[in-house]
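Residue-level listing of the chains:
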Amino acid sequence: MIKFVVNGVDKTLSADPRTPLLEVLREDLGLTGTKYGCGEGECGACTVIVNGKTICSCLALAGAVEGNEITTIEGIGNDPVGVSLAINLANEGGVQCGFCTPGFVMQGWSAVTSGEVRSEEDLRDALGGNLCRCTGYSKILTAMQKSVNDSPGSPLSARLGSGTATSLQMDGYWRPASLAELRSGLAAQVAPYRFAAGYTDLMVQEQHHLKDLTLIDLAAVSELRGIREDETYISIGAMTCWTDIIHSPEIAAHSPVLAMAAREIGAMQIQNRATIGGNISNASPAADGLPPLYAYDAEILCMGPQGERAVPIADFVQGPRRVALEPGEFIAEIRIPKAGDRRAEQFFFEKRGPRKAQTISKASVAYHAWTGADGARQVRIAIGAVAPTVLRVPEAERLLAAGGDREEAAAALMAAARPITDIRSTAEYRRDLVGGLLLHGLARATAN
């Protein structure tokens, strides 16, 4: 049985835990205000709040949110912020067909109650994962901004985030509640299985075959979450979501390019759910999280039946969707070595895709340079989406560390690239683009 709290009411269902949460809400609970749009986490029509954070319910399994607090559009109908948003959208003409409106209201509610929206740019970022095909965005933004300015209090927000995930095991699905339970129970797993993290990619890949999979869900293993710092490393639990990485002071201080890249990974609904471990294990050449990790010489801590081992990320990622995990192993932690004293820093993450935001990279560049306590200049450059794996470019690093010509460094990136032609771009364009991204990033970093 699956139990959770929906709009303040305890619910118990006999649904298969591999059923999408969106389907459970609509078909089993009759909460049809939450809509199915794209099925890929891009349109926002299925937005709900789970434990205080907005997510795409089309990309979450029912089992993964068992024990959690779920709020849908029906649950904020009488909330002062929800009422304010609905009235302002109506008064400003921000509604036409209305299909997208519940998702906008849910994300708008989160933006208003968070207190983090201080400008129109902040509001645009908050609403970036919601699409409207008929009204246009200017009227929606005007309506939302009025609710931000009014700032009505929300008694609902006080009880969000109170859910607790526990152990759950049903046919084809196991969600251990602790690292000890996970490690001790792995030996009993016989059928071929897949580890699952935030599901934001797995459910897109397997949306029509979810119930054919045997899944080990790591969502409740709290030991695999969080960011900590010691004298040697910044350590990031594999189940840490991108939102936590974006807001981490440790990441900002020691690995700022990773924080910049994290902001490029989908919209807030995806960032609240997707994990760094999932991004790595998926091993896409276009993954935005990988180039900074290569640039920082990250290590991947693997756990399995034979114990623990640390693998440099350049050895861990072997090709598209291929990583160096042994049978029964999972990613437990990502370790980024601390560089010590850094002066005269320059850093950036540049990418380009088919559209301006929330796009798959055609090419990307992660760059961080600094002068150490010994006076030596360090330059780290990694390029993504232009080869089967992310690449470091030592020749370009050497040139720029010695004060060499930027055009020569850009040419070194282009020479190192091994792009392909696919539906998103040609190999020739990608090769030219990766050099241009370096020059563009250097010009901006120098100007600042």
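The structure presented is a predicted model; accordingly, all values stated were derived computationally and were not measured.

K.L.:
Break down the side chain of N88 for me, citing the residues and quoting the values.
P.N.:
Tracing the chain through its elements places N88 in helix α2 (residues 80–91). Its relative accessible area of 10% is what places N88 among the buried residues. The contact partners of N88, leaving out residues within four places of it in the chain, are A143, K146, S147 and D150.

K.L.:
Describe the sheet that holds strand β1 (residues 2–6), listing the residues and the values that go with them.
P.N.:
Here we have five strands laid out as an open sheet, ordered β2-β1-β5-β3-β4, and mixed in their pairing. Only two strands of the sheet have a single partner each, and these edge strands are β2 (9–13) and β4 (53–56). In this sheet, neighbouring strand axes are inclined to one another by 40 degrees on average, regardless of whether the strands run parallel or antiparallel. Relative to β4, strand β3 (residues 47–50) runs antiparallel, the two sharing four bridges. When the sheet's bridge partners are listed, V50 is paired in β4 with K53. Across the sheet, helix α3 (residues 101–114) lies against β3, β4 and β5 (69–71), angled at about 40 degrees from β3, the strand it touches most.

K.L.:
Outline the sheet that holds strand β9 (residues 215–217), listing residues and values.
P.N.:
With respect to topology, four strands assemble into an open sheet ordered β6-β7-β9-β8, the strand pairing being mixed. The open sheet has two free edges, formed respectively by β6 (168–170) and β8 (194–196), since each of these has just one partner strand. Pairwise comparison of adjacent strand axes, ignoring direction, gives a mean angle of 20 degrees for this sheet. Of the strand pairs in this sheet, β6 and strand β7 (residues 173–175) are connected by three bridges, and their pairing is antiparallel. Following the sheet pairing, M170 is matched in β7 by Y173.

K.L.:
Provide a residue-level description of the pairing of strand β13 (residues 307–312), including the pertinent values.
P.N.:
In this structure, strand β12 (residues 299–304) lies alongside β13, joined through six bridges in antiparallel fashion. Residue G304 lies in a different strand from β13, and its bridge partner there is G307. Hairpin remark: β12 followed by β13, antiparallel, with two residues in the connecting loop.

K.L.:
Quick one: what's the story with helix α15 (residues 394–401), residue by residue and with numbers?
P.N.:
Every buried residue belonging to α15 is among A396, E397, L399 and L400, and all of these are buried. On an axial view of α15, the arc spanned by its buried residues comes to 165 degrees, and they lie on one face. Buried residues along α15 sit against β18 (363–371), β19 (377–384), β20 (391–392), α16 (406–416) and α17 (427–447). Within two residues after α15, G403 carries a phi angle of roughly 80 degrees, on the positive side.

K.L.:
Any details on the packing of aromatic side chains? Residues and values, ideally.
P.N.:
Any aromatic ring pair is given by two values, namely how distant the centres are and how the planes are angled relative to each other. A full pass over the atoms with the stated rule returns four aromatic pairs. For the pair F195 and F330, a centre-to-centre distance of 5.6 Å together with 55 degrees between the ring planes defines the contact as tilted. Of this pair, F195 sits in strand β8 while F330 sits in strand β16 (residues 330–337), placing them 135 residues apart in sequence. Here a set of aromatic residues connected by ring pairs shows up, and it is made of Y193, F195 and F330. The side chain of R335 reaches across the aromatic face of Y233, ending 5.8 Å from its centre. When the ring centre of W370 is taken as reference, the NZ or CZ atom of R342 above it lies at 5.5 Å.

K.L.:
Could you give an account of the packing of α3 against helix α5 (residues 137–150), naming the residues involved and the relevant values?
P.N.:
Between α3 and α5, the shortest axis-to-axis distance is 10 Å and the interhelical angle comes to 40 degrees. The two elements α3 and α5 meet at a crossing, and its hand is right-handed. When α3 is examined against α5, the residues F104, V105, G108 and V112 are found in contact with a partner set consisting of Y137, I140, M144, S147 and V148. Classifying every residue of the contact of α3 with α5 by side-chain character gives seven nonpolar, two polar and no charged.

K.L.:
Any chance you could break down the pattern of salt bridges for me, citing the residues and the numbers?
P.N.:
What the rule picks out here adds up to 23 salt bridges. Here R321 makes a salt bridge to D201, at a shortest N to O gap of 3.6 Å. Of this pair, R321 sits in the loop between β14 (317–319) and β15 (322–323) while D201 sits in the loop between β8 and α7 (202–205), placing them 120 residues apart in sequence. With its nearest N and O atoms 2.8 Å apart, the salt bridge here joins D288 to K351. Here the residue D288 occupies a position in the loop between α12 (276–282) and α13 (290–295), and K351 occupies one in strand β17 (residues 343–352), the gap between them amounting to 63 residues. By the burial criterion, D288 is buried, and K351 matches it. One salt-bridge network, in which partners are shared between bridges, spans D297, R380, R392 and E397.

Procedures and definitions
Residues numbered from 1 in each chain as written. Predicted model: local features only at pLDDT ≥ 70, side-chain atom pairs only at ≥ 80, totals over all residues. Heavy atoms only, no water. Helix = DSSP H or I, 4+ residues; strand = E, 2+ residues; numbered from the N terminus. Buried < 20%, exposed > 50% of the residue type's maximum accessible area, 1.4 Å probe, protein only. Contact = heavy atoms within 4.5 Å. Pairing = 2+ DSSP bridges. Axes fitted to C-alpha atoms, helices over the stretch in contact; angles between N-to-C directions. Arc of directions from axis to C-beta. Phe/Tyr/Trp six-rings, centres within 6.5 Å; stacked < 30°, edge-to-face > 60°. Lys NZ or Arg CZ within 6 Å of the ring centre and 35° of its normal. Left-handed = near helix turned anticlockwise from the far one by under 90°. Nonpolar A, V, L, I, M, F, W, Y, C, P; charged D, E, K, R; others polar. Salt bridge = Lys/Arg side-chain N within 4 Å of Asp/Glu carboxyl O.

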